[in-house]
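# Analysis of the macromolecular model
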Amino acid sequence: MPKYSLSRAAPGDVGTAAVTNEIRRQQALLKAGALQNAILNSPNFSIIATDEKGIIQLFNVGAERMLGYTAAEVVNRINPSDMHDPLEVEARARSLSLELNTPILPGFEALAFKASRGIDDSYDLTYICKDGSRFPAVVSITALRDDYDELIGYLLIGADNSVRKQFELELTDAKATAEAANRAKSEFLSNMSHELRSPLNAILGFAQLLASDAAPQSDNQRESTEQILHAGWYLLDLINEVLDLALIESGKLLLSMEPMSLEDVLLDCQSMIDPQAQKHRVVMDFRPPPAPMFVRADRTRVKQILLNLLSNAIKYNRAGGTVAIEVSVRSPDRIRITVRDTGAGLSPDKVSQLFQPFNRLGQQAGGEEGTGIGLVMTKRLVELMGGVIGVESTVDVGSAFWVELVRAPRPCFAHGAPDVPPTHAVPAPLDCELRTLLYVEDNPANLKLVQQLIARRPNLRLLTATDASAGIELARAHLPEVILMDINLPGISGIRALKLLREDPLTRHIPVVAISANAMPHDIRKGLEAGFCRYLTKPIRVDAFMNALDAALDTARAAPMRGQARQDEAS
Ligand code: MN
């Protein structure tokens, strides 16, 4: 039982000062007593004290409230382990014996073992109440010793852990929900990419056919076709940008970091951006780095970043303006590329909004196309590669966008040697020789498009199938030189069909080109890993398609072996 005594002021013969002291002492005692009382009577903690054998000696109000027993029902009768789930007590005893390499201790000894060795201990165990209900508790246990350091019992202070457990449970649930939502989002993006690309493939494919048709066309027709193509490719850019951004935001973008020459990448960008500059009558001033410089980065993404900055610098320039590109070393491990334009410049408040998605800073009215995603994505990409992006701008003078990338030592091997087309030590095809192709595709518009493209080559014969089983049968019967294969097919997928073709000695050697609207990077990777000799994404670019086809035909002629795996994106 709790011991706290209240002394009474002795009446009678004491001096005034002594009386005052005595009153102060008593007030302090009262206060301490009230505190002790409040602690022991707190309904929020179960306070249980036992003797040295573990038999309960003290059972406070909180313990009564939590466990439903009155003190009288437990004091001198049971020990605390009797109120826990016996299986949990056993499990704790087992893990303790493993931890300390001792025999398994029974009941309360397992709970008190560490405390008895002077180690303050706490455990998470389920309490079972008098009415059989259960709740998770976190219990601290301490040994109690007398003035001679003799063990006289244990103090157990327990709190109801239900709220925390519930919270943990909800957290786990929420995490699972978020993960599921994230998976659903990725899947949705993949599907959307596919769904949007398929019709766009037809639009762009047939417009390309029209544009390259030998038949005479009126200016009007030609212009209409150009409009369709322009809008179509622009729509494809938008789709790619939105998907790219979503990919970055979901942390799924994979970068292939390698040392790369800045000069190479700048030259590439220069040749790609020149037509746009000429169209806008903007002078490009590429200043090559004074010495060869290398950065550690993803080549494709660096190009994307620079092209975005260059394209903006041209778009938002004035006619006759200039765009200057400089490379400078900022620190031993950083290289800065600056793209400086002579456009209208940006006010400080506009600069602060620059890197927000879909914020085009009032350019919507300016007649320049754009999603406002470009800079956001550029920033994300730069940061993913460990770099920094920034801008300095002066109204009426122009803006200078810069990116800093991580400097790399000159690589031992020439990385990214330009794509030299393989020299074909094969006899030139005879004009009259008829070569057979097979196209497996379930979408009638795509089928028709490829049929019309192939029809322009009189030496090519096209077999078609609308599902993989029919395709495989045709392949076995006719042994085409090249197979073009859609991935998303009813029934057997294009990837599975490829496996089946590879398993058959008859068709094993035939190069198979994937043509798919599954255009996410992981789709392409999966496809190339599966063994497609090339992976073309829809919408088809007519020249890229014809080049891939010719290369596959060369491969087929060169040897009955697999072509060099490479990726050709139509976008
Ligand atoms: Mn399909």
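As a starting point, this report considers the structure included with it. Model, not experiment: these values are computed from the prediction.

## A word on the overall build of the protein
- Check the secondary structure of the protein and you find 16 helices and 18 strands.
- Within the protein, the proportion of its 571 residues that are buried is 42%.
- Considering only intrachain contacts with a sequence separation of at least 6, the fraction spanning at least 24 residues in the protein is 65%.
- For the protein, the exposed surface amounts to about 30,800 Å²; the carbon and sulfur share of it is 56%.

## Considerations on the pairing of strand 10 (residues 334–341)
- Burial of strand 10 is extensive: six of the eight residues sit out of reach of the surface.
- Examined bridge by bridge, strand 9 (residues 322–331) and strand 10 share eight bridges and lie antiparallel to one another. Following the sheet pairing, Val 323 is matched in strand 10 by Asp 341.
- The hairpin turn running from strand 9 into strand 10, its antiparallel successor, is two residues long.
- Bridge count for strand 10 against strand 12 (residues 398–406) is seven bridges, and the pairing is antiparallel. Within the sheet, the bridge partner assigned to Ile 337 lies in strand 12 and is Val 403.

## Concerning the coordination of the manganese ion
- Bound to the manganese ion on the protein side are Asp 442 (OD), Asp 486 (OD) and Asn 488 (O), at distances that span 2.1 to 2.3 Å.
- Look at where the donors of the manganese ion fall in the sequence and you get D-x43-D-x1-N.
- Take Asp 486: its relative accessible area is 2%, and that puts it in the buried class.
- By relative accessible area, which is 35% here, Asn 488 ends up partly exposed.

## Remarks on the packing of helix 13 (residues 468–478) against helix 14 (residues 494–503)
- Contact geometry of helix 13 with helix 14 gives a least axis separation of 10 Å together with a crossing angle of 25°. The angle between the axes of helix 13 and helix 14 places the two elements in the roughly parallel class. Of the two elements, helix 13 crosses helix 14, and the hand of that crossing is right-handed. Side by side, helix 13 and helix 14 meet where Ala 468, Ile 472 and Ala 475 of the first sit next to Ala 497, Leu 500 and Leu 501 of the second.

## Remarks on the packing of helix 12 (residues 444–455) against helix 16 (residues 542–558)
- For the pair helix 12 and helix 16, interaxial distance at closest approach is 12 Å and the crossing angle is 65°. Between helix 12 and helix 16, the angle is such that the two are roughly perpendicular. The crossing of helix 12 and helix 16 is right-handed. Judged by residue contacts, Val 450, Leu 453 and Ile 454 of helix 12 engage Val 542, Phe 545, Met 546 and Leu 549 from helix 16.
- Class assignment for the residues of the contact of helix 12 with helix 16 results in seven nonpolar, no polar and no charged.

Conventions used here
Residues numbered from 1 in each chain as written. Predicted model: local features only at pLDDT ≥ 70, side-chain atom pairs only at ≥ 80, totals over all residues. Heavy atoms only, no water. Helix = DSSP H or I, 4+ residues; strand = E, 2+ residues; numbered from the N terminus. Buried < 20%, exposed > 50% of the residue type's maximum accessible area, 1.4 Å probe, protein only. Contact = heavy atoms within 4.5 Å. Areas by Shrake-Rupley, 256 points an atom, 1.4 Å probe, with all protein chains shown as cover. Pairing = 2+ DSSP bridges. Donors = N, O, S within 2.8 Å, 3.2 Å for Na, K, Ca; no water. Axes fitted to C-alpha atoms, helices over the stretch in contact; angles between N-to-C directions. Parallel < 35°, antiparallel > 145°, perpendicular 65-115°, else oblique. Left-handed = near helix turned anticlockwise from the far one by under 90°. Nonpolar A, V, L, I, M, F, W, Y, C, P; charged D, E, K, R; others polar.

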